[in-house]
Each structure stands twice: as structure tokens, then as C-alpha cells.
Amino acid sequence: MATDPRYLELQARVAEFVDDVLIPLEVTAELAGGPLPTDTQYHVRTKAFEYGVNGGPHAVEHGGHGWSTTEWFIVEEQLGRTTNGVSWYIPNAYNVWKHASPALQERWLIPALRGDLHDAYAVTEAEAGSDPSGMTTTARPLDDGRWVLNGEKWFVTFGSVASVIVVMAYALVDGERLPTLFAVPADTPGIETVADVPFTHTYPHGHPTLRFTDVIVSGGDVIGAVGEGEDLQRMWFTEERLGIAARSVGAMQRLIEETMDWATGRVQGGARLIDHQGVSFPLADSAADAAAGRLLGLEVAAMADAGADPKLVHGKASMAKLFCSEAANRCADRALQIWGGRGYMRTTAAERFWRELRVDRIWEGTSEIQRLIVARSLERRGVLAMLT
Ligand SMILES: Cc1cc2nc3c(=O)[nH]c(=O)nc-3n(C[C@H](O)[C@H](O)[C@H](O)COP(=O)(O)OP(=O)(O)OC[C@H]3O[C@@H](n4cnc5c(N)ncnc54)[C@H](O)[C@@H]3O)c2cc1C
């Protein structure tokens, strides 16, 4: 399915960008504690435009490439071969902007895809992680059509650099609590960073906790319609989860490639490492994981492109995220072991993947939550639909 010449050309182009532009920056980023110098960031951005890898599946008129889900999967797979979040410097934006008004798209989406600003997405709260029903952030309507937001959001990726924050809140309308997404300009009075602790990975940006106190936004800052927040978020999750599956597959490919080079080049105990079954079998298991994950992910992408039932695609995207993220963690652990003491050095890709891939079992819904979704989908969509 991914052997179409169009896909192969895209794959080769992105692979070249990854090999020539991104991978050489990883160790510098690691040793610098995450962020790269401004001129290097600018270099990545310029090259991203040159190679045509910016903007993902966003519409061409907004500055994207209008990629199909399969094309997007192929690109994300290549970006997954990198560590240290060096691909975060490629201009991009969250997919919910597709459902925003032309005015919001003009203000936030188009500049984001030009690389002029960043967005962030704030859903999680202290008491609302896996179970969003515990969310307490509210949006109270004013008589003049504006809204007043109050609440606190945790783990806001890009929260320290974003110009606009997509905030999920309950709109309080006629005694109802309607889940709604708001585009909140980051410089609006009442937004403060209340925590910004270091995380396990060495990435360009942190994941701060942001507090919103009487933050006033206009009626035009609602994304989609009032009460549409959960539907839009489900679409966001489907795409993000498939993206994690794709990047996990790419990570496995690089782990196996580099570890094969090492295992076929190093001799211990009178034989190449690869000639010891204790080394070759984990590599064989990793290859099976990577190949199976790729097929599953591409199948889900093809279903999305063919217009399959979004609920089925949602269930299968969860299955792909679950399998690929767990598999990539297995592969990273095996690779690190095969690298021996060198596998514990931060200058070795296996070490960085081993740390960085851990979060893929947590964010965009933990593995346990993916299992709940898959189990529910088996019941509601049917076993055959989920497996064939
Ligand atoms: C680096 C990082 C970046 C992030 N970026 C963002 C972001 O940009 N925007 C955003 O909104 N959020 C973000 N998140 C939040 C992330 O999505 C949540 O951490 C995740 O959904 C889990 O929620 P929680 O941390 O509250 O864990 P909890 O929900 O408290 O879960 C704790 C444990 O209990 C398990 N558990 C919970 N419920 C069940 C159940 N019903 N059955 C079985 N097990 C269960 C979980 O699987 C987990 O193992 C980020 C998180 C991290 C670590």
C-alpha cells in the first residue's frame, strides 16, 4: 500500500531531510539541555520549507501540503527516527484549527504554518487526566458575548513559547456544562505559569502548568461551536495517536539499523556480537515488532483516507498507538542492552530513545486507556471490524 511512487518519493525526501538536517543536531541538543541556538532553529525551519516537510496535512491555502493520512504517516515515521524533539522546529499546528473560523485561521493557523508562531493545547488538569470528566476549567459568558475563563492546566507542551493556547473548558450555558475549545492568546491578562519542572526527555520546550484567572476572550475565540469540544478532541486524539504510532515505528527502524551496525562490527568472546544468539534474537524480535507496527499503522491510515467510520478509525488508532508505543519501548530497551556500557551514554541514540519513548506510553492517553478503548471497540464495532 505504501509502495505507490508518490509515497516512495515523499519518504525518500523526508528521510534525506532527517539524515542531513535533523539527526546531526541531536547530540548538540542533548548536551545543551534541549533547546538549540536561534540560528540553528532558523536553519531547520528554512530547510523544512526547502524539503517541503512543513505544515503536514493542513490545507495548501493555509500553508500546508494537504497530505492524506497515509502521506502524513509516512512523514511522521521518518521524523520518528530522530531524538531530542529536533523535529519540533518544523512549522506546524494542531489539527483542530481546521475547524476554526476563517478569522482564527488567519490569525493563528497561517502564521503557525509559516513558522512565525507556535500553538499549545491544554486539556489535562490536576484532577482530570485519564478521566476528563473531572475537568474544572470553566468559561462563563458575559452579556456582551465575551467569555471569562478560570482553571488550571497541567503539562502544556509548548506552553512556555506558544502565542496561542487551545484551552478545553466547560462553557456554562443555561445551567449546562458544554465542553468547548477556546483559542486563548497567550498574552491575555490573567494567564500565569505556576510550575515548569524538568521532564525525563531533553527536548526544546517544557510542559508547564498554566493557571487562568478571569481570563477574558471574545465570542469569536471559540473553535468550532460551543459544546463541540469533545468531538473536535476525539479527532485530535485519533490523529495524535496515529502520529505516535508512526513515530514509534520510525524510532524502531533507527534503533534496529544502528544496533545492527554495532552488533555486526563489534567482536567479543571471539565472535561478532550478532553471532551470539543472546544478541541476535532480541534484534529479530525488534524487527518483527517494527514490521508489524508499520503494517497496522498504515492500515489505519488507509482506512482514514478511504472514509471509514470515524469511530472504527478511532478504535484502531488506539490499537496502533498501544502496540507501536509499547513495541518501541521494548526495542529501545533491547537495543540499549546490546550497546552495553555505551548504551547508557547520552551520546548514544539508543539511550536517548530509551528515555524519550517512555512518554509515548503516557501522553495522548496512557496504554491502559488505549486498552479500554480497544476493548470497548471490540464490543461496539465488532471483533471482525477491529481485526480485518
Ligand atoms: C511530557 C508530557 C507532555 C504532555 N503534554 C500535554 C499537552 O500538551 N496537553 C495536555 O492537555 N496534556 C498533556 N499531557 C498530559 C497527558 O496526556 C496525561 O499525563 C495523560 O493523559 C495521563 O493523565 P495523568 O497524568 O493525569 O495520569 P492519571 O490519569 O492520574 O493516571 C495514572 C495511572 O493510572 C492509570 N489509570 C487511570 N485511569 C485508569 C483506568 N480507568 N483503568 C486503568 N488504569 C487507569 C493510568 O493509565 C496511569 O498509569 C502531557 C503529559 C506529559 C508527561
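Residues numbered from 1 in each chain as written. Predicted model: local features only at pLDDT ≥ 70, side-chain atom pairs only at ≥ 80, totals over all residues. Heavy atoms only, no water.

Draft legend 1. Representation of the packing of helix α1 (residues 5-22) against helix α4 (residues 69-79) in the model. Contact geometry of α1 with α4 gives a least axis separation of 9 Å together with a crossing angle of 25°. It follows that α1 is roughly parallel to α4 by the angle criterion. In the crossing of α1 with α4, the sense of the turn from one axis to the other is right-handed. Contact with α1, carried on its side by R6, Y7, L10, Q11, V14, A15, V18 and L22, involves T70, E71, I74, V75, E77, Q78 and L79 of α4 and no other residues of that element. Of the residues in the contact of α1 with α4, the class split is 9 nonpolar, 3 polar and 3 charged. (Axes fitted to C-alpha atoms, helices over the stretch in contact; angles between N-to-C directions. Helix = DSSP H or I, 4+ residues; strand = E, 2+ residues; numbered from the N terminus. Parallel < 35°, antiparallel > 145°, perpendicular 65-115°, else oblique. Left-handed = near helix turned anticlockwise from the far one by under 90°. Contact = heavy atoms within 4.5 Å. Nonpolar A, V, L, I, M, F, W, Y, C, P; charged D, E, K, R; others polar.)

Draft legend 2. Main features of the packing of aromatic side chains. Taken as a whole, this structure holds 11 aromatic pairs when the rule is applied. Summarising the aromatic geometry, the rings of F17 and Y51 are spaced 5.4 Å apart at their centres and angled 50° between planes, so their arrangement reads as tilted. Here F17, found in helix α1, pairs with Y51, found in helix α3 (residues 38-51); they are 34 residues apart in sequence, far enough to count as distant. Overall, the relative accessible area of 15% leaves Y51 in the buried class. Ring geometry for F155 against F199: centres 6.1 Å apart, planes inclined by 70°, an arrangement best described as edge-to-face. Of this pair, F155 sits in the loop between β3 (147-153) and β4 (164-173) while F199 sits in the loop between β6 (191-195) and β7 (209-217); the two residues are 44 residues apart in sequence, bridging distant segments of the chain. The exposure class assigned to F199 is partly exposed, which follows from its relative accessible area of 33%. Geometry around F237 places R241 over its ring, the cationic atom sitting 4.3 Å from the centre. Looking at R330, its charged tip hangs above the ring of F323, at a distance of 5.8 Å from the centre. (Phe/Tyr/Trp six-rings, centres within 6.5 Å; stacked < 30°, edge-to-face > 60°. Buried < 20%, exposed > 50% of the residue type's maximum accessible area, 1.4 Å probe, protein only. Lys NZ or Arg CZ within 6 Å of the ring centre and 35° of its normal.)

Draft legend 3. Expanded view of the domain arrangement of the chain. Domain annotation for the chain reports domain 1 (5-93), domain 2 (119-223) and domain 3 (230-387). Taking the mean C-alpha position of each, domain 1 and domain 2 sit 28 Å from one another. Roughly 800 Å² is buried in total at the junction of domain 1 and domain 2, and carbon and sulfur atoms are behind 68% of that figure. Our count for the contact surface shared by domain 1 and domain 2 stands at 0 salt bridges. The interface formed by domain 1 and domain 2 contains 2 residue pairs in polar contact (both at pLDDT 80 or more). (Domains from an automatic or database assignment. Buried area = accessible area lost by both parts, 1.4 Å probe. Salt bridge = Lys/Arg side-chain N within 4 Å of Asp/Glu carboxyl O. Polar contact = N/O pair within 3.5 Å; in protein donor to acceptor, adjacent residues only side chain to side chain.)

Draft legend 4. Local environment of the site of the ligand. In the region of the ligand, 17 residues are neighbours, and T124, S130, F155, T366 and E368 sit closest. Within the backbone of Y121, one N or O atom sits 2.7 Å away from a nitrogen atom of the ligand. In this structure, a nitrogen atom belonging to the ligand sits 2.9 Å away from a main-chain N or O atom of F155. Summarising the interface, the protein chains cover 65% of the accessible area of the ligand, which totals 980 Å² for the free molecule. Broken down by secondary-structure element, the contributors of at least two residues to the shell around the ligand are β1 (119-122) and α10 (367-380). Taken together, the residues of the shell around the ligand break down into 9 nonpolar, 6 polar and 2 charged. Both domain 2 (119-223) and domain 3 (230-387) contribute no fewer than three residues apiece to the shell around the ligand. (Near = heavy atom within 4 Å. Areas by Shrake-Rupley, 256 points an atom, 1.4 Å probe, with all protein chains shown as cover.)

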